[in-house]
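Coordinate analysis (summary)
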Amino acid sequence: MNNKIKKYTIVTYGCQMNEHDSEKIAYILENLGYVSTNEINDTDFIIYNTCLVRENAELKVYGQLGSLKPLKKENPDMIIAVCGCMMQTGEAREVIQKKYRHVDIIFGTKNISSLPTLINRHLSTGNTVIDIEERDLIDNQIDMKRLHPFIGYINIMTGCNNFCTYCIVPYARGREDSRTPESILAEIKDLANKGYKEITLLGQNVNSYGKTLEKPVPFPDLLRMINAVDGIERIRFLTSHPKDLSDDLINAMAECDKVCNNLHLPFQAGSNSILKSMNRKYTQEDYLLLVEKLKEKIPNITLSTDIIVGFPGETEEDFEETLKVVKKVKYDQGFTFLYSKREGTKAAVMENQVDKNVAQVRFEKLLETMYEIFYENNSKYIGKVEKVLVEGPSKNNEEYLTGRTEGFKLVHFKGNKNLIGTIVNVKITNHNSFSLNGEMV
Ligand code: 5AD
Ligand code: SF4
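It should be emphasised that the depicted structure is a prediction, and the values quoted were computed from it without experimental measurement.

1. Let's talk about the pattern of salt bridges
- Taken as a whole and judged by the stated rule, the model has 29 salt bridges.
- Between Glu-94 and Lys-98 there is a salt bridge whose closest N-O contact spans 3.4 Å. Placement of the pair is Glu-94 and Lys-98 together in helix 3 (residues 90-99), with a separation of 4 residues, close to one helical turn.
- In this structure Lys-98 comes out as exposed when scored by relative accessible area, which is 59%.
- Among the salt bridges present, the one from Arg-362 reaches Glu-314, with a minimum N-O distance of 2.9 Å. Highlighted residues: Arg-362 in helix 12 (residues 356-379) and Glu-314 in the loop between strand 13 (302-309) and helix 11 (316-329), separated in sequence by 48 residues.
- Taking relative accessible area as the criterion, Arg-362 reaches 6% and is therefore assigned buried.

Structural data, given as structure tokens:
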């Protein structure tokens, strides 16, 4: 018998939802006796948790799988698995089965609990095994090996019903499905008992949480219930769709002391004709009104966003409207994307696809505009004292610690490692566009 300790490696692409799914995969593998390693050249089980949102992420996975071919030849016992959103599409599965025949296990986003069975089936037959049948129910959350000892991610819903015309997610992750408040609260209480300080509620479109439940519960009410859990100090949530952001949600954010004064509110594009063509169901004016309400009711709120540049039909004037929104809202953080054509979506067959070079120039202009605003926003923190949840040692300097403010600002400051996991007061002394520096007070 071979008693050598087996090692596993998880490579995760894409959003927090995938990161969270990888926490579940890690738990399963450790239960099977595997230990974690980042050494791809010396692992017994490698799994790619894939993303489909942009072509780049897909190409990277194919590139990595290709480069594993010689390794698999050398070490035929190594198991290679691919899961996540890409595996939800027949096209990607076919490519893998035809061109990457050294892949041993393929499964989808609702089959994570089948992994032990799949491993056994592969080991006993030597064949490539596939499972994409929907098995995992949202209320049966699998145990997980959380990446963080005091910040926890919690799935509150899956899927998306919005069908923004550029987006592949509704095709890959299916329709919206919400988890019951009882199941969510039980997980949060368990985390609180284990000493967790911060939780982030995850869903593709959390503002429409609860609509499909037997007894519908609106998202603001869920927030109020979670706010009442002792021990948890910070509550965040991702992602909000502007069309579903109700006045009651703004009220709940304002009234719940643990809900952070920070919101990720993707606007995608500034031009009304592009927004219409994206099927976003709000106008620039609607969006700006929402932001006005948020800033009025929640002083000090920080805002982040997602923006797509180069959507089909985007003219220079349309792009100027995007810059206009950026300048008006003065975001604290922004995720900017070059439009990526996804087969099967409505936008993929639209005329007037924007020239790549033109989009690139706009993209750079957008970044420049945003970075200036981030810099200006951060300068307003100088001299202020911020509550910082210490996440760990700073990457560049052993003597420094890194943490986040309630507004999700990254802060570096000198301090002892035993402060990790606690909330400390830091006076901000310096800044750049992406982070603050300070001293503990
Ligand atoms: N091309 C570029 N960006 C996209 N996103 C979603 N689909 C695409 C696409 N086809 C972006 C959106 C979304 C974020 C998660 O990814 O901005 O909010
Ligand atoms: Fe995609 Fe739009 Fe759904 Fe977000 S809301 S996941 S961008 S379809």
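2. A look at the domain arrangement of the protein
- Annotation of the protein at the domain level lists domain 1 (6-131), domain 2 (148-260), domain 3 (271-282 + 294-379) and domain 4 (385-440).
- Its C-alpha centre places domain 2 at a distance of 25 Å from the equivalent point of domain 3.
- On the side of domain 3, 20 residues touch domain 2, which itself brings 16 residues to the contact.
- For the pair domain 2 and domain 3, the summed buried surface comes to about 1,500 Å²; carbon and sulfur atoms form 67% of the total.
- Among the residues domain 2 hides against domain 3, the three largest losses belong to Thr-165, Tyr-166 and Ile-250. Together they make up 43% of the total.
- For the pair domain 2 and domain 3, the interface holds 10 residue pairs in polar contact (both at pLDDT 80 or more).
- Here the side of domain 2 that touches domain 3 gets 4 residues from one element, more than from any other, and that element is helix 8 (residues 247-255).
- For the side of domain 2 that touches domain 3, the residue count by class is 11 nonpolar, 4 polar and 1 charged.

3. Considerations on the packing of aromatic side chains
- Summed over all chains, the structure comprises 13 aromatic pairs.
- Pairing Phe-163 with Tyr-171 gives two aromatic rings, centres 5.3 Å apart and planes at 80°, and the pair type is edge-to-face.
- Here Phe-163 falls in the partly exposed class, since its relative accessible area comes to 29%.
- Note on Tyr-171: relative accessible area 42%, which makes it partly exposed.
- Considering the side-chain rings of Phe-267 and Tyr-331, the 5.8 Å spacing of their centres and the 5° angle between planes classify their relative orientation as stacked. Linking Phe-267 in the loop between strand 12 (262-264) and helix 9 (272-277) with Tyr-331 in the loop between helix 11 and strand 14 (333-338), this pair joins segments that are 64 residues apart in sequence. No difference in accessibility class separates Phe-267 from Tyr-331, as the two residues are buried.
- Within the aromatic cluster, the residues linked to one another by ring pairs are Phe-267, Tyr-282, Tyr-287 and Tyr-331.
- Sitting over the face of the ring of Phe-337, Arg-54 holds its NZ or CZ atom 3.7 Å from the ring centroid.

Calculation rules
- Residues numbered from 1 in each chain as written.
- Chains lettered and ligands numbered in written order.
- Predicted model: local features only at pLDDT ≥ 70, side-chain atom pairs only at ≥ 80, totals over all residues.
- Heavy atoms only, no water.
- Salt bridge = Lys/Arg side-chain N within 4 Å of Asp/Glu carboxyl O.
- Helix = DSSP H or I, 4+ residues; strand = E, 2+ residues; numbered from the N terminus.
- Buried < 20%, exposed > 50% of the residue type's maximum accessible area, 1.4 Å probe, protein only.
- Domains from an automatic or database assignment.
- Contact = heavy atoms within 4.5 Å.
- Buried area = accessible area lost by both parts, 1.4 Å probe.
- Polar contact = N/O pair within 3.5 Å; in protein donor to acceptor, adjacent residues only side chain to side chain.
- Nonpolar A, V, L, I, M, F, W, Y, C, P; charged D, E, K, R; others polar.
- Phe/Tyr/Trp six-rings, centres within 6.5 Å; stacked < 30°, edge-to-face > 60°.
- Lys NZ or Arg CZ within 6 Å of the ring centre and 35° of its normal.

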